[in-house]
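Overview (structure and organization)
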Amino acid sequence: MIRSITGSTSRRRARVRTRGRAGTTATAALAVLAMTAGCKAQPADGASAAPSSPPRATAADDAKPPAAQSPPPDASSSSPKATATPTPKPDPQSTTLMASGSEGKQVRELQARLRQIGHFDRSPTGYYGTVTVSAVQSFQGKRGLSRTGRTDTVTWQKLLGMTHEPTAAELNPPTALPVTKPDKRCMTGRVLCISKNSRTLSWMIDGRVVSSMDVRFGSQYTPTREGTFSVYWKSRHHVSTIYHTAMPYAMFFSGGQAVHYSADFAARGYSGASHGCVNVRDEGKIASLFAQVRTGDKVVVYG
């Protein structure tokens, strides 16, 4: 009886050991299967899931474009950005250097250069008047330029290329015409020797010519008197009480007639006339003369 119980007990223990070994074997098999399967995610309903492609990146993943996405177009292939249009440079021809009313050394040089090639028929005065305007128009017309009468950059450069730098004598010739032989009354003392024939005034001291300059006289209706006179009054900033015109550096020698600077003579040349006075068109020369002449100096006006 006791063996029977013992045998039964042994048999039960054997069966337990057998079941334990079987469970261990099953567990191991499941572990191997899990490693082989790779632990794929399964659908909620337990059905087998088809192989999935790599997950796409979204805006929530990164601000950069997804890796599978094509890179942005190269900057060189993109359309150019609009840029501001640069302001065009002014046409050189529109830059006026000298025009009617200008005066100074550059105007004198302009006139001297124009005279070299036959477009200015008198001595330089340094004043840009109607005569200079006409001379510039003549030059421009001959060279196929717009006949504006103004000296612009193109006109000036063209003139420079055709002429040489004026000499001192070309810039400041004593007179437009040769000075004639002085009247014998001019050979002694301090004399303003004025020739209507050569249209010149020579400032002379004891027969020596100190300076000469171009002059203009009155018309046939208001002629300049001829004869021997003397300077009786000097007026630096004189204005005519009859014609209300400026008469700078006036040196009166006969009634209301005087030697003085004339802006009209400087501008128009011999196309005009005075009311009897002796006009000088070179302001620098008349200013120097005015400083040297004294009241009482002789004035000789002759034909």
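The text that follows walks through the structure, step by step, so that each part is easy to find. Position numbers for residues start from 1 in each chain and track the written sequence from start to end. For a predicted model such as this one, the threshold for reporting local features is a pLDDT of at least 70, and the threshold for listing and counting side-chain atom pairs is 80 or more; totals across whole chains, interfaces and linings nevertheless cover every residue. Neither water nor hydrogens contribute to the side-chain values; these are computed over all heavy atoms in the structure.

Another aspect to go through is the overall build of the chain. In terms of regular secondary structure, the chain is built from seven helices and eleven strands. Burial classes follow relative accessibility: with a 1.4 Å probe on protein chains only, a residue under 20% of its type's maximum area counts as buried, one over 50% as exposed, and anything between as partly exposed. Among the 303 residues that make up the chain, the fraction classed as buried is 33%. Looking at the chain alone, contacts between residues at least 24 apart form 55% of all its contacts between residues at least 6 apart. Comment: elements are numbered from the N terminus, with helices defined as DSSP H or I runs of at least four residues and strands as E runs of at least two. Only heavy atoms matter for contacts: two residues are in contact if any of them lie within 4.5 Å across the pair.

Moving on, we get to unusual backbone geometry. The phi dihedral of Arg 199 is positive, around 55°, even though this residue is not glycine. Relative to the helices and strands, Arg 199 resides in the loop between strand E3 (190-195) and strand E4 (200-205). Located in the positive-phi region is Asp 206, a residue other than glycine, with phi close to 50°. Inspection of the secondary structure puts Asp 206 in the loop between E4 and strand E5 (208-216).

You can see Ser 212 is positioned in strand E5. Those residues in contact with Ser 212, other than ones at most four positions away along the chain, are Pro 174, Thr 175, Val 179, Leu 201, Ser 202 and Lys 285.

When two rings of Phe, Tyr or Trp (its six-membered ring) have centres within 6.5 Å they constitute a pair, described as stacked for plane angles under 30 degrees, edge-to-face for angles over 60, and tilted for the intermediate range. All chains considered together, the criterion is met by five aromatic pairs. Taken together, a centroid distance of 6.3 Å and an interplanar angle of 45° make the contact between Tyr 232 and Phe 252 tilted. Pair noted here: Tyr 232 is in the loop between strand E6 (227-230) and strand E7 (233-239) and Phe 252 is in strand E8 (residues 246-254), with a separation of 20 residues, a long-range link. We classify Tyr 232 as partly exposed; its relative accessible area is 42%. For Phe 252, a relative accessible area of 4% gives the class buried. Chaining the aromatic ring pairs together yields one cluster made of Tyr 232, Trp 233 and Phe 252. Put simply, a charge is over a ring when the Lys NZ or the Arg CZ is close to the ring centre, within 6 Å, and near the line of the ring normal, within 35 degrees. Geometry around Tyr 270 places Arg 199 over its ring, the cationic atom sitting 3.7 Å from the centre.

Following the sequence through the fold, Thr 151 ends up in strand E2 (residues 151-152). We define a polar contact as two N or O atoms separated by no more than 3.5 Å, with the added condition that, inside protein, one atom must be a possible hydrogen donor and the other a possible acceptor, whereas residues neighbouring each other in sequence contribute only through side-chain atom pairs. A polar atom in the side chain of Thr 151 sits 3.0 Å from the side chain of Tyr 128. In this structure Thr 151 touches Thr 96, Leu 97, Met 98, Leu 110, Tyr 128, Val 136 and Trp 156, once residues within four positions along its chain are discounted.

The subject of this paragraph is the pairing of E3. With five of six residues buried, E3 is to be regarded as a mostly interior element. Hairpin remark: E3 followed by E4, antiparallel, with four residues in the connecting loop; positive phi at Arg 199, about 55°. Criterion used throughout: strands pair if DSSP finds at least two bridges between them. Of the pairings in the sheet, the one linking E3 to strand E11 (residues 298-302) comprises five bridges and is parallel in character. Looking across to E11, one finds that Val 191 is bridged to Lys 298.

Among the residues of helix H7 (residues 283-292), those classed as buried are Ile 286, Leu 289 and Phe 290. Along the long axis of H7, the arc covered by the buried residues comes to 100°, so they all point the same way. Away from its buried face, by an angle of more than 90 degrees, H7 presents the exposed residues Gly 284 and Ala 291. Regarding H7, its N-cap is Asp 282, as a side-chain oxygen of that residue lies 3.1 Å from the backbone nitrogen of Gly 284 further along. Our arc is simply the arc of the directions from the helix axis toward the C-beta atoms.

This brings us to the sheet that holds E11. Strand-to-strand pairing in sheets goes through backbone hydrogen bonds, with the strands running parallel or antiparallel. Read across the sheet, nine strands follow the order E6-E11-E3-E4-E5-E10-E9-E8-E7 without closing on themselves; strand pairing throughout is mixed. The open sheet has two free edges, formed respectively by E6 and E7, since each of these has just one partner strand. Ignoring strand direction, the axes of neighbouring strands in this sheet form an average angle of 30°. Every axis in this analysis is a line fitted to C-alpha atoms, fitted for helices over the stretch in contact. Angles between the N-to-C directions lie between 0 and 180 degrees. Where H7 meets the sheet, its contacts fall on E3, E4, E5, E7, E8, strand E9 (257-261) and strand E10 (278-280), and the angle it forms with E8 comes to roughly 50°.

In this section: the nonpolar core. Remark: nonpolar core denotes a set of buried residues (Ala, Val, Leu, Ile, Met, Phe, Trp, Tyr, Cys) joined through side-chain atoms within 4.5 Å. Ranked by internal contacts, the top residues of the largest apolar core, which has 25 residues, are Ile 194, Val 259 and Leu 289. Contacts of Leu 289, omitting those with residues within four sequence positions, involve Leu 192, Leu 201, Trp 203, Met 213 and Met 251. Counting residues in hydrophobic clusters, the runner-up holds twelve residues, among them Phe 120, Val 133, Val 136 and Trp 156.

As a further point, take the packing of helix H2 (residues 105-116) against helix H3 (residues 130-142). Viewed as axis vectors pointing N to C, H2 and H3 meet at an angle of 50°, and their least axial separation amounts to 11 Å. In terms of axis orientation, H2 runs oblique to H3. The handedness of the crossing between H2 and H3 comes out as left-handed. Every residue of H3 that contacts H2 at Leu 110, Gln 111 and Leu 114 is listed here: Thr 132, Ala 135, Val 136 and Phe 139. Here the contact of H2 with H3 is composed, by residue class, of five nonpolar, two polar and no charged. Convention used here: angles under 35 degrees read as roughly parallel, angles over 145 as roughly antiparallel, angles from 65 to 115 as roughly perpendicular, and any remaining angle as oblique. In this scheme, a crossing is called left-handed if the near helix is turned counterclockwise away from the far one by less than a right angle; it is called right-handed if the turn is clockwise. For this classification, the nonpolar set comprises Ala, Val, Leu, Ile, Met, Phe, Trp, Tyr, Cys and Pro, the charged set comprises Asp, Glu, Lys and Arg, and every other residue, Gly included, is treated as polar.

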